[in-house]
Amino acid sequence: MTLGEKSAAVTNVYEFSEIVDKACEGLKERRIKYSIRKIQEMEERLCELERELDDFINGKM
């Protein structure tokens, strides 16, 4: 092996590291999207509860 060449083991480790990094990034993005969706769902539910409470307070229920 000459000075400029990489061994197969080093190349495979580097590639594996890149794959792991990309997988982690993808999982992080999915987690963020899931969290945003759950927050939106909770916001919608909170609005529904506020309307129900307003109706209850105003004697509409």
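Tallying secondary structure elements over the chain gives one helix and zero strands in all. The burial tally for the chain puts 0% of its 61 residues in the buried class. By element, 59% of the accessible surface of the chain is carried by carbon and sulfur atoms, the whole surface being about 6,100 Å².

Moving on, we come to a nonpolar patch on the surface. Together, Leu53, Phe56 and Ile57 make up a nonpolar patch on the protein surface, roughly 350 Å² of accessible area in all. Residue position: Leu53 is located in helix H1 (residues 8–57).

On to the pattern of salt bridges, then. Oppositely charged side chains can pair when the atoms bearing their charge come close. Here the structure, examined in full by the defined rule, presents four salt bridges. With its nearest N and O atoms 4.0 Å apart, the salt bridge here joins Glu41 to Arg37. One end of the pair is Glu41 and the other is Arg37, both in helix H1 and four residues apart, which spans about a single turn. Note that Glu48 is salt-bridged to Arg45, the shortest N-O span being 3.1 Å. With Glu48 and Arg45 both in helix H1 and three residues apart, the pair spans about one turn of that helix. You can call Arg45 partly exposed: its relative accessible area is 39%.

Once that is clear, we can look at a negative patch on the surface. Together, Glu15, Glu18, Asp21, Glu25 and Glu29 line one region of the surface with negative charge. Looking at the element boundaries, Glu18 is found in helix H1. In this structure Glu18 comes out as partly exposed when scored by relative accessible area, which is 35%.

Conventions and cut-offs
- Residues numbered from 1 in each chain as written.
- Predicted model: local features only at pLDDT ≥ 70, side-chain atom pairs only at ≥ 80, totals over all residues.
- Heavy atoms only, no water.
- Helix = DSSP H or I, 4+ residues; strand = E, 2+ residues; numbered from the N terminus.
- Buried < 20%, exposed > 50% of the residue type's maximum accessible area, 1.4 Å probe, protein only.
- Areas by Shrake-Rupley, 256 points an atom, 1.4 Å probe, with all protein chains shown as cover.
- Patch = residues over 30% accessible without salt bridge, like charges linked within 9 Å, V, L, I, M, F, W, Y side chains within 5 Å.
- Salt bridge = Lys/Arg side-chain N within 4 Å of Asp/Glu carboxyl O.
- Lys, Arg positive; Asp, Glu negative; His and termini not counted.
- Charge placed at Lys NZ, Arg CZ, Asp CG, Glu CD.

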